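Remarks on the overall topology
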Amino acid sequence: MSARYPNRLGKETSPYLLQHALNPVDWHPWGPEAFATARRESKPILLSVGYSACHWCHVMERESFEDEETARLMNELFVNVKVDREERPDVDEVYMSCVQLLTGRGGWPMTVFLTPDGEPFYGGTYFPPEDRYGMPGFRKVLAGVAQTYRERPDDVKNAVARLTEALRQTDRAKPSERALEGSVVDRAADALAASYDRTNGGLGRAPKFPNVPVFSLFLRALHRTGRVFFLQMTTHTLRKMADGGIYDQLGGGFHRYSVDERWLVPHFEKMLYDNAQLVRLYLDTYRASQDPFFLAVAEDVLRYVRREMLAPEGGFYSTQDADSEGDEGKFFVWTKEEVMRLLGEECGEIFCRVYDVTEEGNFEHRNILHRTLATEQAARLFRKEPDELERILADGRSRLFAAREERVKPQRDEKILVSWNGLMVSAFADAYRATGNPEYRDVAERTIAFVEKHLWRDGRLLHSFKDGEARVPAFLDDFTALALAYVDLFEATFESRYLERADELARIVLVRFADREGGGFFYTAEDHERLITRTKPAFDGSVPSGNSLAAQLFLRLHHLSESPEYLQAAEGVLQLHRDAMEENPFAFANLLAALDFWARKPKEIVVVARGGAPAARELLDPLARHYVPNLVVYCYDPDAPPQNLPPFAREKSVADGATAYVCHEFTCSPPVTAWSELLSTIEARR
């Protein structure tokens, strides 16, 4: 503590922790000092977990953590520990599982009560200051928990035993006795399609999340079965999202999710990981549909990311807040009077009609911009040519965006997290493949260089960088997402050093994260700080699990090297969760993509060209715009071949110009030199 800060968070770098540094609560950061204090004072620990862009975290802070009486109770009865879930996802993972076991649901802010040894015995998410929403008031909870801890130690001990045993059971999956088979993917896609909302797109009712892994799986199902309905569900959903309030119509980028089923009212925070995954989904939908609308949305998201989320030296920031000036969504909403004043009579009327701006508003007497008329409809309504109408709308968006830039912006969390940066590097690499825009390659390579410079230390990868400090050892998803980013960069540039770095990271995962007895991979390395249990998360939520990323990584590297060790590692993850994938496909959609890759085996395409990739653009560029979900691509110059050519790329002759071969399941096609021939060969080997 210092004269400036009333608690111990003032020396932290996490924006979320610094938000709480002026609270009257005597917050500790997670660490041995807090637990030693709890043991010395015989007090339970109150663990509060959240993140900087979390709206309800801000609400609970205003209602409870800034309240002097509530803070007095917390300080008197507990040792209080505040954790940024993005900085310590291992802590969040363990204790969120406990809250879900206790309450049947999870979310943030998360509040968990622990013994001085870190054992949980009670918890929940948001607690209101007084009894409300069917939940007890926070001060009542504080008093009740403290009394139980003091007066009924046996009850606490029993609660700890039940919770910790249940927690350990969640990670005791055993490999299935049933064989792996691709038909699991087909049944999963059909089961997920049953939840499709035919009116609004997306899955189920409110709230609606983008559910990227599910719609990516639908595209795979389209390729597997030829059933056009899978493409229709995806294109319908992605159009509805891009036209909705969940998409920032002025600045680009997707908000986290929609609170309604129409994609109108979002939770306004923007997360790096959502936008990274959505870029790739829109790119793949463009490839599958050949509709340039989806490419345009992907590129618009990338413009937002470069403008708002890219650090000067490289590396991507984590999140943008939902709130500005203490008001959720204030930065993003408009009154009709504001729009008309800025755009004038004619442009204003057209803009308001197309983007649903009214006097009464569609969100708390203000308006969230969302598109309600297609270009052709609006052109007929206002008797304009479609091109002229789009120019009017583009001018209106530009002027409103410029005016919005004068507002107080939502806070940005400038932590740079390796796993999320890996996802975004993959997005930029994929966009470079699809468009050939060298700026995308430059952003991806500068970010990789930033990670290598600042987050590798003495041969160790670290998880988080902020204010010149890299801290916390990297987790499974850091290693796997970064390694996949290297593979994606390799297939975009064919620079062999990227494949070598992917291989280096993959071998570290095998040595330091593998569960050699139970199969799969732990979230933390073998020498990481020990928590009450060492988890093996496999559920694919808003971010793919480290295990599903590992399965994809090892499968791709196996086909680029034919290493049996990599294939064995991937098959181990798939076999461990084979039955769970079939029983609960929604929670394993990204792992199901790995199963599809395993079952159908990728097309291994080798392109040989004197001069390397620049001389092979007539083959590589259309290939990058064609949807093939299971693909491994290798291009090289036969006059300067890499040292470690994969087996399928060896001994390939080259004709004049570029020559391509399509290999699949240990056989290769005759050489082809034109895109039409290459496409026919790929399709013939579906």
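This section reports on the structure supplied with the text. Every residue gets a number counted from 1 within its own chain, in the order that chain's sequence is written. Residue-level local features of this predicted model are given only where pLDDT is at least 70; pairs of side-chain atoms are given and counted only at 80 or more, and the full residue set underlies all totals for whole chains, interfaces and linings. Here the side-chain values reflect all heavy atoms present in the structure, with hydrogen atoms and water set aside.

**A word on helix H15 (residues 375–382)**
Along H15, the residues classified as buried are Thr375, Ala378 and Ala379. Seen end-on, H15 carries its buried residues on one side only, within an arc spanning 105°. Taken from the residues just after H15, Arg383 is the one with a positive phi, measuring 55°. Burial classes: relative accessible area under 20% of the type maximum marks a residue as buried, over 50% as exposed, and values in between as partly exposed (1.4 Å probe, protein chains only). What counts as a helix is a DSSP run of H or I of at least four residues, what counts as a strand is a run of E of at least two, and both are numbered from the N terminus. Directions are taken from the helix axis to each C-beta atom, and the arc is the one they span.

**Re the pattern of salt bridges**
Salt bridges, as used here, are contacts in which a Lys or Arg side-chain nitrogen is within 4 Å of a carboxyl oxygen on Asp or Glu. Throughout the structure, instances matching the rule amount to 72 salt bridges. Between Arg407 and Glu338 there is a salt bridge, and its shortest N-O distance comes to 3.8 Å. Taken together, the residues Arg407 in the loop between helix H16 (386–404) and strand E12 (412–413) and Glu338 in helix H13 (residues 336–343) connect sequence positions 69 residues apart. Judged by relative accessible area, which is 17%, Glu338 ranks as buried. Members of the salt-bridge network, linked through shared partners, are Arg280, Asp284, Arg287, Asp430, Arg433, Asp488, Glu491 and Arg556.

**Regarding helix H20 (residues 496–512)**
Helix span, expected: 1.5 Å multiplied by one less than the number of residues in the helix. Its 17 residues place the ends of H20 25 Å apart at the C-alpha level, agreeing with the 24 Å of an ideal helix rising 1.5 Å per residue. Regarding H20, the residues found buried are Tyr498, Leu499, Ala502, Leu505, Ala506, Ile508, Val509, Leu510 and Arg512.

**A few points about the packing of helix H11 (residues 272–289) against helix H17 (residues 418–435)**
With their axes 8 Å apart at the nearest point, H11 and H17 run at an angle of 25° to one another. Taken as axis vectors, H11 and H17 run roughly parallel relative to one another. H11 and H17 meet at a crossing whose hand is left-handed. Contacts between H11 and H17 involve Leu272, Tyr273, Asn275, Ala276, Val279, Arg280, Leu283 and Arg287 from the former and Trp420, Asn421, Leu423, Met424, Ser426, Ala427, Asp430, Ala431, Arg433 and Ala434 from the latter. Here the contact of H11 with H17 is built from residues that sort into 11 nonpolar, 3 polar and 4 charged. Only the stretch in contact is used when fitting a helix axis, every axis being a line fitted to C-alpha atoms; angles between N-to-C directions are given from 0 to 180 degrees. Here the angle decides the label: under 35 degrees means roughly parallel, over 145 means roughly antiparallel, 65 to 115 means roughly perpendicular, and every other value means oblique. By definition, any crossing whose near helix is turned counterclockwise from its far helix by less than a right angle is left-handed, and any crossing with a clockwise turn is right-handed. Every residue pair with non-hydrogen atoms within 4.5 Å of one another is taken to be in contact. Amino acids are sorted into nonpolar (Ala, Val, Leu, Ile, Met, Phe, Trp, Tyr, Cys and Pro), charged (Asp, Glu, Lys and Arg) and polar (every other residue, Gly among them).

**Comments concerning the state of the cysteines**
What counts as a disulfide here is a pair of cysteine sulfur atoms lying within 2.5 Å. This model, assessed by the stated rule, comprises 2 disulfides. Two residues share a disulfide in this structure: Cys54 and Cys57, whose sulfurs sit 2.4 Å from each other. Its S-S torsion of approximately 80° makes the covalent link between Cys54 and Cys57 right-handed. A residue is classified by how much of its surface remains accessible, and Cys54, at 3% relative accessible area, is buried. Put simply, Cys663 and Cys668 are joined by a disulfide, and their sulfur atoms are 2.0 Å apart. When the S-S torsion is 105°, as for the bridge of Cys663 with Cys668, the disulfide is right-handed. Under the relative-accessibility criterion, Cys663 is labelled buried at 1%. Overall, Cys668 belongs to the partly exposed group, its relative accessible area being 34%. Cys347 supplies the cysteine sulfur nearest to Cys352, a cysteine that is in no disulfide, at a spacing of 9.0 Å. Note on Cys635: no disulfide assigned, nearest cysteine sulfur contributed by Cys663 at a separation of 14 Å.

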